[in-house]
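Descriptive structure summary
In case you want the letters, here they are:
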Protein chains: 2
Amino acid sequence: MYDGIVQELIDEFGRLPGIGPKSAQRIAFHILQTPSFDVKRLSELLVEVRERVRFCEICGNVAEQERCAICRDPRRNPALICVVEDAKDVAAIERTREFRGLYHVLGGAISPIAGVGPDDLRITQLMTRLADGTVQEVILATNPNLEGEATASYLSRLLTSMEITVSRLASGLPVGGDLEYADEVTLSRAFEGRRVL
Amino acid sequence: MYDGIVQELIDEFGRLPGIGPKSAQRIAFHILQTPSFDVKRLSELLVEVRERVRFCEICGNVAEQERCAICRDPRRNPALICVVEDAKDVAAIERTREFRGLYHVLGGAISPIAGVGPDDLRITQLMTRLADGTVQEVILATNPNLEGEATASYLSRLLTSMEITVSRLASGLPVGGDLEYADEVTLSRAFEGRRVL
């Protein structure tokens, strides 16, 4: 549709997740027509980010050093480990400011359909971390979907032999949500997990 | 939330139109975690696109030469000019394969609120193009909203003195749409523009 390079830029943006052809076009034109948009900065960042970012050797979170900012922080409680699927989940939990322990990023969830088994996840690394007896509780914070639940139950079976408390994040109605619009599974979970007031 | 450069990349993507903080995060992680994504290519394209792309000296469409591919094409009918607000509109109309004339990109629409007056648009250039008498019809294809309508009526007043047919794209029900969900203005336009069968 467009002359060479404009179309190439649109196509390249279209390869990013969540960006369809229309959005890609809108972004490409924004870049073309907005002199204040710093193309050089974004261009440099793209290359730099790949060069500089690694994954924390302990927890697997994103880091610019060998260990991530959370694992380096002496104020975090090393007796508590929260297991998540992805580094993005670390950021989501950090935003709540509720959790002061450490993390362990699995790098995915068990999914026979996608061909992801326990060996493809950072489970051996988790077991190594738990070996020295410092950790008292492991919170399984994998996603509340099929793959996440499978991963959580796999891990909880693996951890029963150890003297560690294993917990799972509560499922239930989202705060601010409407009971009427909750799906049956969520609603029955909310019943199962009801608290006495 | 993230260590330095990852957050910088997220922020930079968040500056693009239609990309919120969550999408920006998702894109940044995709770039980090997908080795097959060619960061170097996107990085180079960003800088190159600004260097290489200019706007057609005749119609204002995007071009890599002095004239755009449409203005250079001898098969296009020079007696017909379709006036649009933006270069993206040229691509939208080209996709229909209905129009074989030339274009004129105004670079926006008259909007007193946004402080855009007729002098901020490529109207003088349009009048110059019309001066030699080649053009027989001008199709006003500005957007069917307040600004687009204002621009269309400004242009149609400007062109009344010339021996040129001035037309406007039809307003009405979108094809495949549902009458029930059409807004009143669109529905009354559909009545006004009804065709005898």
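Residues and elements named next belong to chain A. Read from one edge of the open sheet, four strands run S4-S3-S5-S6, paired in parallel fashion. The open sheet terminates on both sides in strands that have one partner only, identified here as strand S4 (101-105) and strand S6 (165-168). Strand after strand, the sheet turns through a mean of 25 degrees between neighbouring axes, direction not considered. Sheet topology note: the strand S3 (residues 77-84)/S4 ladder contains five bridges and is parallel. Among the inter-strand pairings, Ile81 is bridged to a residue of S4, identified as Leu102. Where helix H6 (residues 123-130) meets the sheet, its contacts fall on S3, S4 and strand S5 (137-140), and the angle it forms with S4 comes to roughly 150 degrees. Running over the sheet, helix H7 (residues 146-159) touches S3, S5 and S6 and is turned about 170 degrees from S6.

With that settled, consider the environment of A:Arg15. Assignment of secondary structure puts A:Arg15 in the loop between helix H1 (4-14) and helix H2 (21-33). Residues A:Arg15 and A:Asn143 lie 128 residues apart in sequence; the distance between their C-alpha atoms is 25 Å. When neighbours within four sequence positions are excluded, A:Arg15 is seen to be in contact with B:His30 and B:Phe37.

Direction vectors running N to C along helix H3 (residues 39-52) of chain A and helix H1 (residues 4-14) of chain B enclose 145 degrees, while the axes themselves pass 10 Å from each other. Remark: the crossing between H3(A) and H1(B) carries left-handed chirality. Across the interface between the two elements, A:Arg41, A:Leu42, A:Leu45, A:Leu46, A:Glu48, A:Val49 and A:Arg52 from H3(A) touch B:Ile5, B:Val6, B:Glu8, B:Leu9, B:Glu12 and B:Phe13 from H1(B). When the residues that make up the contact of H3(A) with H1(B) are grouped by side-chain class, the tally is eight nonpolar, no polar and five charged.

Residue and element names in this part refer to chain B. Taken in spatial order, the four strands of this open sheet run S4-S3-S5-S6, and their pairing is parallel. Unpaired on one side and paired on the other, strand S4 (101-105) and strand S6 (165-168) mark the two borders of the sheet. Going from strand to strand, the sheet's axes swing by 25 degrees on average, the running direction of each strand aside. The sheet strands contacting helix H5 (residues 87-96) are strand S3 (77-84) and S4, and the helix crosses S4 at an angle near 155 degrees. Contacts from helix H7 (residues 146-159) reach S3, strand S5 (137-140) and S6 within the one sheet, and its direction differs from that of S6 by about 170 degrees.

A word on the interface of chain B and chain A. With 52 residues of chain B in contact, the opposing surface of chain A contributes 52 residues. For the pair chain B and chain A, the two sides together bury roughly 5,300 Å², of which 69% comes from carbon and sulfur. In this structure, the connection of chain B to chain A is made through two salt bridges. Here B:Arg41 ties to A:Glu8 by a salt bridge, and the two come within 2.1 Å at their closest N and O atoms. Taken together, the connections running from chain B to chain A amount to 15 residue pairs in polar contact (both at pLDDT 80 or more). Of all elements in the fold, only H1, helix H2 (21-33), helix H3 (39-52), strand S2 (62-63), helix H4 (69-72) and H5 of chain B reach the threshold of two or more residues within the side of chain B that touches chain A.

What follows concerns the pairing of S4(B). In terms of residue burial, S4(B) counts as a mostly covered element, since five of its five residues are buried. The parallel pair S3(B) and S4(B) is bridged by H5(B), and the resulting crossover is right-handed.

It is worth spelling out the nonpolar core at this point. Here is a general trend for soluble globular proteins: nonpolar side chains tend to be buried in one another's company. A:Phe13, A:Ile31, A:Leu46, B:Phe13, B:Ile31 and B:Leu46 are the most contacted members of the largest nonpolar core, which totals 48 residues. Looking at this core, the elements that each hand over two or more residues are H1, H2, H3 and helix H5 (87-96) of chain A together with H1, H2, H3 and H5 of chain B. Beyond its immediate stretch of four places on either side in the chain, A:Ile31 contacts A:Phe13, A:Phe37, A:Val39, B:Leu16, B:Leu46, B:Val49 and B:Arg50.

This part is about the relation of the copies chain B and chain A. Screw-axis analysis of chain B against chain A gives a translation of 0.0 Å along the axis, an RMSD of 0.1 Å, and a rotation angle of 180 degrees. Taken together, these values place the two copies in the relation of a two-fold axis. Closest approach to the rotation axis within chain B is made by the C-alpha atom of B:Ser43, at a distance of 2.1 Å. When the interface residues of chain B are mapped onto chain A, 100% of them again fall at the interface, so both copies present the same face.

What counts and how
- Residues numbered from 1 in each chain as written.
- Chains lettered and ligands numbered in written order.
- Predicted model: local features only at pLDDT ≥ 70, side-chain atom pairs only at ≥ 80, totals over all residues.
- Heavy atoms only, no water.
- Pairing = 2+ DSSP bridges.
- Helix = DSSP H or I, 4+ residues; strand = E, 2+ residues; numbered from the N terminus.
- Axes fitted to C-alpha atoms, helices over the stretch in contact; angles between N-to-C directions.
- Contact = heavy atoms within 4.5 Å.
- Left-handed = near helix turned anticlockwise from the far one by under 90°.
- Nonpolar A, V, L, I, M, F, W, Y, C, P; charged D, E, K, R; others polar.
- Buried area = accessible area lost by both parts, 1.4 Å probe.
- Salt bridge = Lys/Arg side-chain N within 4 Å of Asp/Glu carboxyl O.
- Polar contact = N/O pair within 3.5 Å; in protein donor to acceptor, adjacent residues only side chain to side chain.
- Buried < 20%, exposed > 50% of the residue type's maximum accessible area, 1.4 Å probe, protein only.
- Right-handed = clockwise from strand over helix to strand, strands pointing away.
- Core = buried A, V, L, I, M, F, W, Y, C linked by side-chain atoms within 4.5 Å.
- Least-squares fit on C-alpha atoms with pLDDT ≥ 70 in both.

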